[in-house]
Amino acid sequence: MTTPKTMGQQYGRRSWAEPWKIKMVEPIRMSDRLTREKAMQEAGYNTFLLRSEDVYIDLLTDSGTSAMSDRQWAGIMLGDEAYAGSRNFYNLEQAVQEYYGFSYVVPTHQGRGAEHLLSQALIRPGHYIPGNMYFTTTRLHQELAGGTFVDVILDAAHDPVNLHPFKGNIDLDKLQALIDEVGAENIPYVSLAGTVNMAGGQPVSMANVRALKELCDRHGIRIYLDATRMVENALFIQEQEEGYEDQSIAAILKEFCSYTDGAWMSAKKDNLVNIGGWLAVRDAELFDALRNLVVIYEGLHTYGGMAGRDMEALAIGISESVEDDHVRARVGQVRYLGGLLTSWDIPIVQPVGGHAIFLDAKRFYPHIPQDQFPAQMLAAQLYLDSGVRSMERGIASAGRDPQTGDHRYPSLELTRLTIPRRVYTQAHMDVVAESVKAVYDARLETHGLKMVYEPKYLRFFQARFEPV
Ligand code: F0G
């Protein structure tokens, strides 16, 4: 018999623990296999269409699923629900200014609301928007505004086994080639994202953003940052980039933002709230245009679709999100799950990123062709095995090329196990890992899917599938 090892022993050091304790619990339970089979069929093999009460451990997303702190809940009671000029807005504005360093703040209901405003304000038909890998809603808003997204991330990001420590970096040669080809005047901004979601939560280095700024300055091109999960990006810089080991997450975050012209945020992620977003810029003229747009699409410029109480929880969430212990425990939990799966030789994207484990469906199911949605099937199988809910991040998410109408075939065909912040314990991670192992052991008996219903936009949310 082997002696069980604590997490610290497995990694050859003393254990750490989460910097919080639990004050309130929400009961969950695992249903039986028959119930799950029925639920999966009703959901058309799409985990987005499951009812949450039929889910045991919900790793669909880390978006809006974090646990708020007692201080944030106290903030909820301080909501100033005035239509105009709520004091909670000014607290939010101050928090964004203090921690991200941008002068002008526009509140939005969530990240895509901010993407919509920025895209409408800056993109014109014929424009090109280079970025470090696409994100679903970001690219769609850029396309709807008449732009064409161009992926300029390092090639390494498209390779799930490449161990480059900053796979989220922009390939400056690719960017220079695009500038030479289409002209700087047709590039309204570079769309830079921290811990690149679709690449597996891969970080961008400080050296890269600094060099990017130099290149963009030479051509008069602006940089706007998708600051979603940037605090997690800051941890990777602290751990892996020379000169940052003694700097706080907060200091690293602020320096990173200082190289950009503004940022948009899905506050539902690292800002630790269940709903919310913001857009912040340095340019007073652009701020004016954005404030004019926000009243059309989101709400008045002092609430942008959020209640006063939401803005208060968000302002407090921002200050909690940059605490070093918090970020270390958050990413540490992701790495714990990744460590178990790696030790069992289960194919995942390496290195493990900041917010999720991404199972590599191409290596998991090499016998299922990509147009039979292997990552979608893998998410379905995990749910059937244990009630664990994950998400497809492959061909279904990539959608169709607006010019040719054909599927886009991304090199990464992934199933994402996304860890909400401050919600699940290490024991939950063990249950998840064992379920992945069971599904892996049964991989050769698993076949693909065909899509039987396909919505026009962001199809992965509502598409329906059947086994082939
Ligand atoms: N940018 C990134 C990198 C995101 O991951 C998301 C959302 C958004 C922008 C849009 O923000 O959802 O608040 O409108 N990602 C979620 C996810 C949905 O599950 O990864 P939103």
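Here is a short report on the structure shown in this document. (Residues numbered from 1 in each chain as written. Predicted model: local features only at pLDDT ≥ 70, side-chain atom pairs only at ≥ 80, totals over all residues. Heavy atoms only, no water.)

1. Re empty space enclosed by the protein
Empty space among the atoms can be located by rolling a probe the size of a water molecule over them.
Reasoning step 1: Scanning the entire structure with this criterion turns up four cavities of 30 Å³ or more.
Reasoning step 2: As a volume, the largest cavity reaches approximately 70 Å³.
Reasoning step 3: In this structure, the largest cavity is lined by Glu-18, Trp-20, His-326, Ala-329, Arg-330, Gln-333 and Arg-422.
Reasoning step 4: Split by residue class, the lining of the largest cavity holds two nonpolar, two polar and three charged. (1 Å grid on protein atoms, 1.4 Å probe; cavity = no way out; pocket = protein on both sides within 12 Å on 5 of 7 lines; lining within 4 Å. Points joined across faces, edges and corners; volume = space filled by probe spheres on them. Nonpolar A, V, L, I, M, F, W, Y, C, P; charged D, E, K, R; others polar.)

2. Here we look at the packing of aromatic side chains
Reasoning step 1: Throughout the structure, instances matching the rule amount to 11 aromatic pairs.
Reasoning step 2: Here the aromatic rings of Tyr-83 and Tyr-303 are separated by 5.2 Å at their centres, their planes lie at 75°, and the arrangement is edge-to-face. In this pair, Tyr-83 sits in the loop between helix 3 (70–76) and helix 4 (87–100) while Tyr-303 sits in the loop between helix 11 (284–297) and helix 12 (308–321), placing the two residues 220 residues apart along the sequence.
Reasoning step 3: Overall, Tyr-83 belongs to the exposed group, its relative accessible area being 55%.
Reasoning step 4: Ring geometry for Tyr-100 versus Trp-278: centroids 4.8 Å apart, planes at 65°, classification edge-to-face. Placement of Tyr-100 in helix 4 and of Trp-278 in strand 8 (residues 277–281) is noted, with a sequence separation of 178 residues between them. The same class applies to Tyr-100 as to Trp-278, namely buried.
Reasoning step 5: Each member of the aromatic cluster is reached from another via a ring pair, and the members are Phe-48, Phe-460 and Phe-461.
Reasoning step 6: Lying across the ring of Phe-460, Arg-393 places its NZ or CZ 4.8 Å from the centre.
Reasoning step 7: Sitting over the ring of Tyr-440, Arg-443 keeps its end group 3.9 Å from the ring centre. (Phe/Tyr/Trp six-rings, centres within 6.5 Å; stacked < 30°, edge-to-face > 60°. Helix = DSSP H or I, 4+ residues; strand = E, 2+ residues; numbered from the N terminus. Buried < 20%, exposed > 50% of the residue type's maximum accessible area, 1.4 Å probe, protein only. Lys NZ or Arg CZ within 6 Å of the ring centre and 35° of its normal.)

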